[in-house]
Amino acid sequence: MTTHIEVTVPDIGDFGDVPVIEVLVAKGDTVEAEQSLVTLESDKATMEVPSPVAGVIAELRVQLDDTVSEGDVIAVIDAVAQVSDSEQVAGTSKPAPPEPSPAAKSTVAAVTPTAQPDTCARQSPPVPMDAKAALPSSTPYASPAIRRFARELGTDLSRVKGSARGGRIIREDVTAFVKSVMTGSTASSKGGLDFDLPPPPKVDFSRYGETELQPLTRIQKISGAYLHRNWLSIPHVTQNDLADITGMEAFRKANADKAKEQGFKLTPLVFMIKAAVAALKAFPIFNASLDQQRENLVLKKFFHIGIAVDTPNGLVVPVLRDCDQKDIFQLAAELAELSQKARDGKLMPTEMQGGCFSISSLGGIGGTSFTPIINAPEVAILGVSRSSIRPQWDGESFQPRMMLPLSLSYDHRVIDGANAARFARYLASCLEDFKSMDL
Ligand code: CAO
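Residues numbered from 1 in each chain as written. Predicted model: local features only at pLDDT ≥ 70, side-chain atom pairs only at ≥ 80, totals over all residues. Heavy atoms only, no water.

### So, helix H10 (residues 417-432)
Here's step 1: With 16 residues, H10 ought to run about 22 Å at 1.5 Å a step, and its terminal C-alpha atoms sit 22 Å apart, in line with that.
Here's step 2: Residues Ala420, Phe423, Ala424, Leu427, Ala428, Cys430 and Leu431 constitute the buried set of H10. The buried residues of H10 occupy one face: seen down the axis, they fall within an arc of 155 degrees.
Here's step 3: Buried positions along H10 lie against strand E10 (236-244), helix H7 (246-261), helix H8 (268-282), strand E17 (357-361), strand E18 (380-384) and strand E20 (398-411). (Helix = DSSP H or I, 4+ residues; strand = E, 2+ residues; numbered from the N terminus. Expected span 1.5 Å × (residues − 1). Buried < 20%, exposed > 50% of the residue type's maximum accessible area, 1.4 Å probe, protein only. Arc of directions from axis to C-beta. Contact = heavy atoms within 4.5 Å.)

Pasting the structure below:
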């Protein structure tokens, strides 16, 4: 005897005419008890309607984008008798449900999945879906179990590439995606960037001459992933300016011995830290980060400055805290200590966290400008190149002045070009009028 079970829409609260946003089965499909048949979406949440019994879908009474209310029939299921565990273990195939013949006595029972509230309670809370995800062309192809798994991990399935036949997303795809987000090799932002770039060319370099393999250091691997993410996910623009530091350099040199006596060097960098603090105070948008949803700016009221340090193992960025509360000698002493720690590979993770703005100085080496990469979640970074004497027109004649090249990279989503030009000029003018700074 076949029992036809009508599966109806359960109590869905005060909602009526709720859209069917996913149909997860087709006529003729064999379903398990508790297997989801359709997904409904109310204003507040999405919910799956499970099959109350195991069987075969004899009729599907709804299709995508239909609207349903409590009691509407979703499907008719030919229920099958339960197969015992021992039969399954022994590999006995489940008998196909008998075709209902006119002669066969059949019964029809309307079953509203009364277990729905319990079922819901066992599931992770349904999450609202956006309209785009409900469109058939963009709905990720994944089983309800995988959808549930993805929801539990807080993963947006539309960003996961399916590796199974027909692009179906399997459990491994979800875990691989989560792993790539955690390691920073995938942009994890809302509306993130899934570049479909061609792989780099495979070249056997030994065909052209002698080669040697040098493994990347741990720091290179880690910082490389972050630099890559920041470069790809932040729209960078670099504003270049020149600061006349003739006076500042005279002052610095006059104070160099004072620092030397205390066991550290007074380099131009600490003046730039102070100028950066002054500029961050004048332009608070530069001392900000986008929040996770990219809907707000988090404005910081503290002034922790990251300094890029070149070490034998790669680039690290220790952070000097509360630079607004320290004078140039304190900053120079701390900078010497932190950069030594960095070179010795002894920096603690906490010493590289909490930065508001970074400075990358190549002034000790050379160059006239470069494009520093923003250290996310910061929104700007100052690159410093080597100062040199350049002729400056004073209105009557050229004067030899010590000019310092500044390269300010900024996140164009947060900062516009005019503000960047003002910030760079302000910072330069602080160095030019260094006595106005709280040194
Ligand atoms: N113009 C001219 N001379 C400069 C200068 C500038 N902008 N900046 C520093 N100098 C001079 C210093 O005064 C010092 O001169 P003396 O040897 O005569 O005293 C010399 O250059 C070397 O300075 P330094 O590099 O030891 O010290 P610093 O305070 O300028 O920088 C630190 C410290 C840790 C930032 C630096 O050593 C460093 O690691 N820089 C590399 C940063 C980097 O790799 N950035 C790129 C990141 S992206 O890959």
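There's more to say after this.
### Describing the site of the ligand
Here's step 1: In the vicinity of the ligand, 23 residues are found, and the nearest of them are Thr267, Asp310, Arg343, Ser360 and Ser387.
Here's step 2: Within the contact set of the ligand, an oxygen atom lies 3.5 Å away from a side-chain nitrogen or oxygen of lysine 265.
Here's step 3: Aspartate 310 places a polar main-chain atom, nitrogen or oxygen, 2.9 Å from an oxygen atom of the ligand.
Here's step 4: Protein chains bury 70% of the 950 Å² of accessible surface belonging to the ligand in isolation.
Here's step 5: Sort the elements by how many residues they give to the shell around the ligand and helix H9 (residues 328-343) lands first, with three residues.
Here's step 6: Taken together, the residues that form the shell around the ligand break down as ten nonpolar, eight polar and five charged. (Near = heavy atom within 4 Å. Polar contact = N/O pair within 3.5 Å; in protein donor to acceptor, adjacent residues only side chain to side chain. Areas by Shrake-Rupley, 256 points an atom, 1.4 Å probe, with all protein chains shown as cover. Nonpolar A, V, L, I, M, F, W, Y, C, P; charged D, E, K, R; others polar.)

### What about the pairing of E18?
Look at any regular strand and the pattern is simple: side chains alternate between the two faces of the sheet.
Here's step 1: Among the five residues that make up E18, five are buried, leaving the element largely enclosed by the rest of the structure.
Here's step 2: Every second residue of E18 is oriented toward a common face, with Ala380, Leu382 and Val384 on one face and Ile381 and Gly383 on the other, all of them buried.
Here's step 3: As paired elements, E17 and E18 share four bridges and run parallel to each other. Residue pairing across strands places serine 361 opposite valine 384, the latter belonging to E18.
Here's step 4: Strand direction decides the pairing type here: E18 and E20, joined by five bridges, are antiparallel. Bridge pairing in E20 links alanine 380 to tyrosine 410. (Pairing = 2+ DSSP bridges.)

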